[in-house]
Amino acid sequence: QVQLVESGGGLVQAGDSLRLSCAASGRTFSSSAMAWFRQAPGKEREFVAAVTSRGGGTSYADSVKGRFTISRDNAKNTVYLQMNSLKPEDTAVYYCAAGPPLIRTQSTGYAYWGQGTQVSVSS
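Let me begin by describing the structure that accompanies this report.

### Brief notes about the overall build of the protein
Then comes step 1: Check the secondary structure of the protein and you find zero helices and eleven strands.
Then comes step 2: Counting helices and strands in the order they occur from the N terminus, the protein gives β-β-β-β-β-β-β-β-β-β-β.
Then comes step 3: Taking 2.2 N^0.38 as the reference for a compact globule, 123 residues should give roughly 14 Å; the C-alpha atoms of the protein span a radius of gyration of 13 Å, in line with that estimate.
Then comes step 4: C-alpha extents for the protein along the principal axes are approximately 40 × 25 × 25 Å.
Then comes step 5: Across the 123 residues that make up the protein, the buried fraction comes to 42%.
Then comes step 6: In the protein, the proportion of contacts linking residues at least 24 apart, taken out of those at least 6 apart, comes to 58%.
Then comes step 7: Charge separation in the protein, taken as the distance between the mean sites of 12 positive and 8 negative side-chain charges, equals 8 Å.

### A closer look at the sheet that holds strand 7 (residues 68–73)
Paired through backbone hydrogen bonds, the strands of a sheet run either parallel or antiparallel to each other.
Then comes step 1: Ordered in space as 1-3-8-7, the four strands form an open sheet in which the pairing is antiparallel. Where the open sheet ends on each side, the last strands, each with one partner, are strand 1 (3–7) and strand 7. The sheet shows a mean angle of 15° between the axes of neighbouring strands, taken without regard to direction.
Then comes step 2: As paired strands, strand 1 and strand 3 (residues 18–25) are joined by five bridges and run antiparallel to one another. Bridged to Ser7 within strand 3 is Ser21.

### Details of the pattern of salt bridges
Then comes step 1: By the definition in use, this model includes four salt bridges.
Then comes step 2: Among the salt bridges present, the one from Glu46 reaches Arg38, with a minimum N-O distance of 2.7 Å.
Then comes step 3: Overall, the relative accessible area of 6% leaves Arg38 in the buried class.
Then comes step 4: Where Asp90 meets Arg67, a salt bridge forms, and the shortest distance between an N and an O atom there is 2.8 Å. One end of the pair, Asp90, is in the loop between strand 8 (78–83) and strand 9 (92–98); the other, Arg67, is in the loop between strand 6 (58–60) and strand 7, with 23 residues separating them in the sequence.
Then comes step 5: You can call Arg67 buried: its relative accessible area is 10%.
Then comes step 6: What you see here is one network of salt bridges that share partners, running through Arg38, Glu46, Arg67 and Asp90.

The rules behind each value
Residues numbered from 1 in each chain as written. Predicted model: local features only at pLDDT ≥ 70, side-chain atom pairs only at ≥ 80, totals over all residues. Heavy atoms only, no water. Helix = DSSP H or I, 4+ residues; strand = E, 2+ residues; numbered from the N terminus. Rg over C-alpha atoms; globule rule 2.2 N^0.38 Å. Buried < 20%, exposed > 50% of the residue type's maximum accessible area, 1.4 Å probe, protein only. Contact = heavy atoms within 4.5 Å. Lys, Arg positive; Asp, Glu negative; His and termini not counted. Charge placed at Lys NZ, Arg CZ, Asp CG, Glu CD. Pairing = 2+ DSSP bridges. Axes fitted to C-alpha atoms, helices over the stretch in contact; angles between N-to-C directions. Salt bridge = Lys/Arg side-chain N within 4 Å of Asp/Glu carboxyl O.

Here it is, written out as structure tokens:
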């Protein structure tokens, strides 16, 4: 019953920044850890970042540490991914995910997924 809608993707140059948003509706958003995954053409879906239900804890893939920041605003039922210093290898469809009470880093840990938003980074 949870619905997730991503927005904020686009085409940018290396070194630029983007901020992705994921608007959630339905039950128990504030009780769920939230995560961002991404999938590049021909690649498996990979973990990017996650945030605990109250926003006090985060987890990041090594490839994005220091560049990306995940946050959430439970009053707005929204989770964000601030992406700085973007690289061509960040090009992928980015998906918002929800469901677990605690952070998970595998896609199988999440029951609800958005449709994805495309991020393309040129060199």
